[in-house]
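Here is how the chains run, residue by residue.
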Amino acid sequence: MSDKKETSKATTNSAWGGRFSEQTDAFVEAFTASVQFDQRMYRQDIAGSRAHAKMLNKIAVLSDDDLNVILEGLDKVEQEISSGNFNWSIAREDVHMNIEARLTELVGDAGKRLHTGRSRNDQVATDIRLYLREQIDFINDEIKRLQQGMLDIAEREAATIMPGFTHLQVAQPVTFGHHIMAWHAMMKRDVSRFVDCQQRMNESPLGAAALAGTSYPIDREFTAKELGFTAPTQNSLDSVSDRDFAIEFCSSAAILLVHLSRMSEELVIWSSAQFDFIELPDRFCTGSSIMPQKKNPDVPELVRGKTGRINGNLISLLTLMKSQPLAYNKDNQEDKEPLFDTVDTVLGCLRAFADMVPAIICKHDNMYKAAKQGFSTATDLADYLVRKNLPFRDAHEVVGKAVAMGVSTGKDLSELTLEELQQFSDKIEDDVFDVLTLEGSVEARNHVGGTAPEQVRKAIALARK
Ligand code: ARG
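Parameters at a glance
Residues numbered from 1 in each chain as written. Predicted model: local features only at pLDDT ≥ 70, side-chain atom pairs only at ≥ 80, totals over all residues. Heavy atoms only, no water. Helix = DSSP H or I, 4+ residues; strand = E, 2+ residues; numbered from the N terminus. Near = heavy atom within 4 Å. Polar contact = N/O pair within 3.5 Å; in protein donor to acceptor, adjacent residues only side chain to side chain. Areas by Shrake-Rupley, 256 points an atom, 1.4 Å probe, with all protein chains shown as cover. Core = buried A, V, L, I, M, F, W, Y, C linked by side-chain atoms within 4.5 Å. Buried < 20%, exposed > 50% of the residue type's maximum accessible area, 1.4 Å probe, protein only. Contact = heavy atoms within 4.5 Å. Salt bridge = Lys/Arg side-chain N within 4 Å of Asp/Glu carboxyl O. Phe/Tyr/Trp six-rings, centres within 6.5 Å; stacked < 30°, edge-to-face > 60°. Pairing = 2+ DSSP bridges.

Participant: Tell me about unusual backbone geometry, residues and numbers included.
Facilitator: In this model, L326 is joined to A327 through a cis peptide bond whose omega is 5°. Mapped onto the elements, A327 comes out in the loop between helix 13 (298-321) and helix 14 (336-356). Although it is not a glycine, E93 sits at a positive phi angle of roughly 65°. Within the secondary structure, E93 is located in the loop between helix 5 (64-82) and helix 6 (95-107). Of note, A209 is a non-glycine position whose phi angle comes to about 55°, a positive value.

Shown next as C-alpha cells:
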C-alpha cells in the first residue's frame, strides 16, 4: 500500500495530482490530450495570459515583481514555440498547461500564480474566439482577392455572349461578364456572413473561470479591452459552454464552399470537349497516367469535393453541441479539429480559386455558337409580338410554332425567312431580325441586374467602390 502511494505521488499530473491516488492510464493520457492540435492557438493563449496577469496586478492580486517576471517568461515561451524549440508534452495535456508548466519552469513560483482566478474553461473559450477572429480576417482578405479577379475578368468579358441556362438547357443569351458578376454577388454575401459572425463572437469570456465566475474582484472590462474584444460576455455559464460562434463560422464556411462548388461545377462543364467554352491554364490542371490526351480540371474538382468535408465539419459541431448540459463538458474539446480543418480547407480553396479565376481563358466563338443553338431568342420574339399588341400568352403560342418549324428544318429563329415567320403572325415585320440577334437580346435587358453589357459595367463600377 505505502509503496503504491509513493509511486503515484511522484507521477500524477501536477495540475491536479493532489486529489489522485494513482497515475493516469497511459492510453487515457494520450486519449484525453488535445495538445497535438490545440497548440496552434499558442499565440492566443499567451495573449490571454498576458491580459489576465496584467489584470491580476491591477487589482493587487499579483505583485509588480511577479507580473514582470511572468510577462518576460511568456515572451520567452512564445519565442521558444515560434522558433520550434518547444517541447510539447502529451502529459501536459493541452496548450494551456504546456505553456503554464514551461512558464513555471522558467520563472518559478510566479508562474504558479498566473492561474489565480481563471480556469482552462474560460481560457479555451477565449483562445478559440481570438483565433477565429483573426482567421476570419485572412479568409475575408482571400475572398476579396478572388472578387478582384472576378471583377477583372467580368470587365474584360462584359460584352461576351454565351448561352444562359435553366435546367442546364439553353434559356436566353447572357453575357459572360454577367455570369461572373453572379459569382461575385455570392462572394459578397459570404464576406458579410463572416463579418457578422466575427462581430458576434467578439466578446470576452475571460473571467467566467470554470463556470461560475471567481471570488477575486476581477476587472473583466480590462481584460476584454486588452484583447480587443468589444465587451465581456454577460453570463459565465454560457461563456464557457456554448460553441455557437464556431458553429456559425462553420456554417458560413459551408455556404461559401457550396458557392465555390457551384462555380467549380461550371468550370468543369465549360472546360469539357462537349461545351468547350473555356480553357484553364495548364498550371491548374493535371494529366492522366494512362490517357495521353487528358487535361483534367483537378482544381475545381477538388474544391467541389472538399465541400463535402466542410459540410461534414458543420454537422460534427452541431452534433457535438446538441444536448450538452451547461456548463463546460469535455465534449467541447472535439470542437477544434473540425474547426481547424475548416479554416485550413477554406483558405486553401480560396487561394486556388483566387489564383485560377482571373486566368480563365474564354473561347468566345464557341460560347457565341452555343448561344445561337437552342432558340435562345424565343422570348425576345414573344416580347416583340407583345409590343405589337398581341397578348403574351398568344405570343407564346405563336413563337412555340415558329420554334417547332425551326426544330424540323434545323434552323435558328434568326435563320427563318420573313415569309416563313409571317406564317405564324401577320404582326411580324422585317424589324423582327433586330430582336432575334444575340446582341439585340442581351442589349435589350438594360435595367438594374440585367445582362446588358452596359449594366454589367455599371455593376462592376459599383462593386469596385
Ligand atoms: N483541452 C480542453 C478543451 O479543448 C481545455 C479545457 C479543459 N477543461 C477541463 N475542465 N478539462 O476543451
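Participant: Now, about the site of the ligand: what can you tell me, with residues and values included?
Facilitator: Taken together, S34, D38, D94, H96, R120, N121, V124, Y328, Q333 and K336 are the residues near the ligand. In this structure, R120 approaches the ligand through a side-chain N or O atom, which is 3.4 Å from a nitrogen atom. The separation between an oxygen atom of the ligand and a polar side-chain atom of Y328 is 2.5 Å. Protein burial of the ligand: of its 340 Å² of free accessible surface, 86% is covered by the chains.

Participant: Would you mind going over the nonpolar core in detail, with residue names and values included?
Facilitator: Among the nonpolar cores identified, the biggest contains 68 residues, and W183, F249 and L260 are the most heavily contacted of them. With 13 residues, helix 12 (residues 244-270) is the single largest residue contributor to this core. Sequence-distant contacts of W183, defined by excluding residues within four places in its chain, comprise M150, M263, E266, L267, W270, V357 and I360. If you look at the next biggest cluster of nonpolar residues, it comprises 21 residues, including A378, Y384, L385 and L436.

Participant: Hey, could you go over the pattern of salt bridges for me, with residue numbers and the actual values?
Facilitator: Inspection of every chain in the model, using the stated rule, returns 35 salt bridges. With a closest N to O distance of 3.9 Å, K458 and E454 form a salt bridge. Of this pair, K458 and E454 both sit in helix 21 (residues 453-464), separated by four residues, roughly a single helical turn. A network of salt bridges, in which partner residues are shared, links K76, E80, R92, R102 and E105.

Participant: Please set out the side chain of T233 residue by residue, giving values where relevant.
Facilitator: Mapped onto the elements, T233 comes out in the loop between strand 4 (231-232) and helix 11 (236-241). At a separation of 2.7 Å, a polar atom in the side chain of T233 contacts the side chain of S239. Leave out the neighbours within four places in its chain, and T233 touches E203, S204, P205, R220 and S239.

Participant: I'd love a proper account of the packing of aromatic side chains, names of residues and values included.
Facilitator: Inspection of every chain in the model, using the stated rule, returns eight aromatic pairs. Judged by centre distance (5.5 Å) and plane angle (65°), the ring pair of F176 and W270 falls under edge-to-face. Of this pair, F176 sits in helix 9 (residues 176-201) while W270 sits in helix 12, and the two are 94 residues apart along the sequence. Comparing F176 with W270, the two get one shared label, buried. Plain terms: the ring middles of W183 and W270 are 5.9 Å apart, the flat faces sit at 15° to each other, and that makes the pair stacked. With W183 in helix 9 and W270 in helix 12, this residue pair connects regions lying 87 residues apart in the sequence. The same class applies to W183 and to W270, which are both buried. The rings of F165, F275 and F277 are connected pair by pair, giving a single aromatic cluster.

Participant: Help me get a handle on the pairing of strand 1 (residues 161-166), residues and values and all.
Facilitator: Two elements, strand 1 and strand 2 (residues 169-175), share six bridges in a ladder whose sense is antiparallel. Each residue of the ladder has a partner; that of M162, found in strand 2, is V174.

Participant: Before we move on, could you go through the environment of T214 and cite the residues and values that matter?
Facilitator: One can find T214 in the loop between strand 3 (203-204) and helix 10 (220-226). Here the alpha-carbon distance between T214 and G117, two residues 97 residues apart in the chain, equals 5.6 Å. In this structure T214 touches G117, G207 and A209, once residues within four positions along its chain are discounted. Polar contacts involving the side chain of T214 include one to the main-chain amide nitrogen of Y216, which spans 3.3 Å.

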